[in-house]
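Tertiary structure, described
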Amino acid sequence: MSEGGLFKGYDDGLFHPDDNITYGQWAMLISRIAIDNYTYQTKPGDHWAAEAYSKASRDGICHHPNTKLGENLDSLYNRGQAIGCSYSLAYGDKRGLENCLANQYAGNTWTLDDIPDGELVRQKYSWISGEGDWWLNSTGRWNDEWVLGTYNLGITHGVDANGTCNPTAPTRAEVAQLLYNMGIYYEKQCDLRVGGIGS
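Residues numbered from 1 in each chain as written. Predicted model: local features only at pLDDT ≥ 70, side-chain atom pairs only at ≥ 80, totals over all residues. Heavy atoms only, no water.

**A short note on the nonpolar core**
In globular proteins that are soluble, nonpolar side chains generally tend to be buried together. The biggest cluster of nonpolar side chains holds 44 residues, and the ones touching the most others in it are W26, L89, M182 and I184. Excluding its chain neighbours within four sequence positions, the residues that come into contact with I184 are M1, L6, I33, L89, L97, L179, Q189 and C190. (Core = buried A, V, L, I, M, F, W, Y, C linked by side-chain atoms within 4.5 Å. Buried < 20%, exposed > 50% of the residue type's maximum accessible area, 1.4 Å probe, protein only. Contact = heavy atoms within 4.5 Å.)

In structure tokens, the structure reads:
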């Protein structure tokens, strides 16, 4: 993936696999993967990842930081969000990535009850008017059905032999593994040009 231009590394030239990933870093990474027809007008003072975030959030492949909790693009992006958005990317790819993964994977058929920490994965949704964020409980704001979808497409098998999800904080290495499991190794590999999931 580094050879394919997805991971650029830090200024010191290192990957730092155990570092947590932020909203901005996830948006930048995922925007390198997806082809679409979106344009963004850069404004003075924009965050370095503003364009990538605007595109990725529009396509449903990056969640919104919860400003009511003081989050921004430098806040940590959790594993549940990354896993769920990986499924969203597969689902929205016009080249048929979801069907390709489904045809390749011959593993377990999962339910949330089969995942050891499935109660942590399961979300209770509430809507805060004007916030634009559906996932607002204390465990995180991922879509539990999307997380389950990644298990049933073989995108993730959990963090141990039992399939524990551990949705609270991904590292750069874990994110790399998710994308690798999807067969994504280089830039502009998923086609969302028909308007994107969020259009």
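**Some thoughts on the environment of G5**
Of note, G5 is situated in the segment before α1 (23-33). Residues G5 and Y185, spaced 180 residues apart in sequence, show a C-alpha to C-alpha distance of 8.4 Å. Non-local contacts of G5, meaning those with residues more than four positions away in its chain, are made with R32 and E187. (Helix = DSSP H or I, 4+ residues; strand = E, 2+ residues; numbered from the N terminus.)

**Focus: the packing of helix α3 (residues 79-92) against helix α4 (residues 97-104)**
In contact at an axis separation of 6 Å, α3 and α4 are set at 110° when each is read in the N-to-C sense. What the angle tells us is that α3 and α4 run roughly perpendicular. In contact with Y87, A90 and Y91 of α3, α4 contributes L97, E98 and L101. The class makeup of the residues in the contact of α3 with α4 is five nonpolar, no polar and one charged. (Axes fitted to C-alpha atoms, helices over the stretch in contact; angles between N-to-C directions. Parallel < 35°, antiparallel > 145°, perpendicular 65-115°, else oblique. Nonpolar A, V, L, I, M, F, W, Y, C, P; charged D, E, K, R; others polar.)

**Structural notes on the packing of aromatic side chains**
Applying the stated rule across the entire model yields six aromatic pairs. Consider the rings of F7 and F15, whose centres lie 5.2 Å apart with planes at 90°: the pair is edge-to-face. What makes F7 buried here is its relative accessible area of 8%. Accessibility expressed as a relative area gives 28% for F15, which makes it partly exposed. (Phe/Tyr/Trp six-rings, centres within 6.5 Å; stacked < 30°, edge-to-face > 60°.)

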